[in-house]
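Residue strings, one per chain:
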Amino acid sequence: MNVYLLEHLMLYSDYEDTKFIGVFSSKAKAEKAIHELIEQPGFCNAPEIIDPGVDDNKSGFIIDKWYVDKATWEEGFG
């Protein structure tokens, strides 16, 4: 089973501001939340962020697919 985490990212010269929006049971539900939030104060003023590593990036919104009951970093890091 997988879930979709929705976040909003704004980049500034000296820091980044990430807002956790929610966890959704489908990508379509996460996209629906974007459509509902994108015109709200703060979100509507955010510049579009282009990140070639993120396919689902729309005006700073990022959808990440996560797997339930599966560890990340299984091969370590470094």
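Structure's up top.
Residues numbered from 1 in each chain as written. Predicted model: local features only at pLDDT ≥ 70, side-chain atom pairs only at ≥ 80, totals over all residues. Heavy atoms only, no water.

**Q** Could you give me a rundown of the overall build of the protein chain, with the residues and numbers involved?
**A** From N to C terminus, the protein chain includes 1 helix and 3 strands. In sequence order, the secondary structure elements of the protein chain are arranged as β-β-α-β. In the protein chain, which comprises 78 residues, the proportion classed as buried is 27%. Within the protein chain, counting contacts between residues at least 6 apart in sequence, those at least 24 apart form 50% of the total. Looking at the protein chain as shown, the accessible area adds up to about 5,800 Å², and 53% of this sits on carbon and sulfur atoms. (Helix = DSSP H or I, 4+ residues; strand = E, 2+ residues; numbered from the N terminus. Buried < 20%, exposed > 50% of the residue type's maximum accessible area, 1.4 Å probe, protein only. Contact = heavy atoms within 4.5 Å. Areas by Shrake-Rupley, 256 points an atom, 1.4 Å probe, with all protein chains shown as cover.)

**Q** Give a description of the sheet that holds strand E2 (residues 16-24) that names residues and reports values.
**A** Adjacent strands of a sheet form backbone hydrogen bonds with each other and so pair up, either parallel or antiparallel. A sheet is described by the order of its strands in space; here 3 strands give the open sequence E2-E1-E3, paired in antiparallel fashion. The two strands at the open ends of the sheet, each matched to only one other strand, are E2 and strand E3 (61-67). Strand-to-strand twist in this sheet, taken as the mean axis angle between neighbours without regard to direction, amounts to 25 degrees. Here strand E1 (residues 2-11) pairs with E2 via 8 bridges, running antiparallel. Note that in E2 the partner of Leu11 across the bridge is Glu16. (Pairing = 2+ DSSP bridges. Axes fitted to C-alpha atoms, helices over the stretch in contact; angles between N-to-C directions.)

**Q** Describe unusual backbone geometry, with residues and values.
**A** Although it is not a glycine, Asp69 sits at a positive phi angle of roughly 65 degrees. Take Asp69: it is sitting in the segment after E3. At Trp73, a position not held by glycine, the phi torsion is positive, near 60 degrees. Judged by relative accessible area, Trp73 falls into the exposed class, the value being 65%.

**Q** I'd like a description of the pattern of salt bridges, backed by residues and values.
**A** Note on pairing: side chains with opposite charge can pair once their charged atoms come close. For the coordinates displayed, the defined rule picks out 3 salt bridges. A salt bridge links Lys19 to Asp17; its shortest N-O distance comes to 2.6 Å. Linking Lys70 and Glu74 is a salt bridge whose minimum nitrogen-to-oxygen distance equals 3.1 Å. In this structure Lys70 comes out as partly exposed when scored by relative accessible area, which is 45%. Under the relative-accessibility criterion, Glu74 is labelled exposed at 56%. (Salt bridge = Lys/Arg side-chain N within 4 Å of Asp/Glu carboxyl O.)

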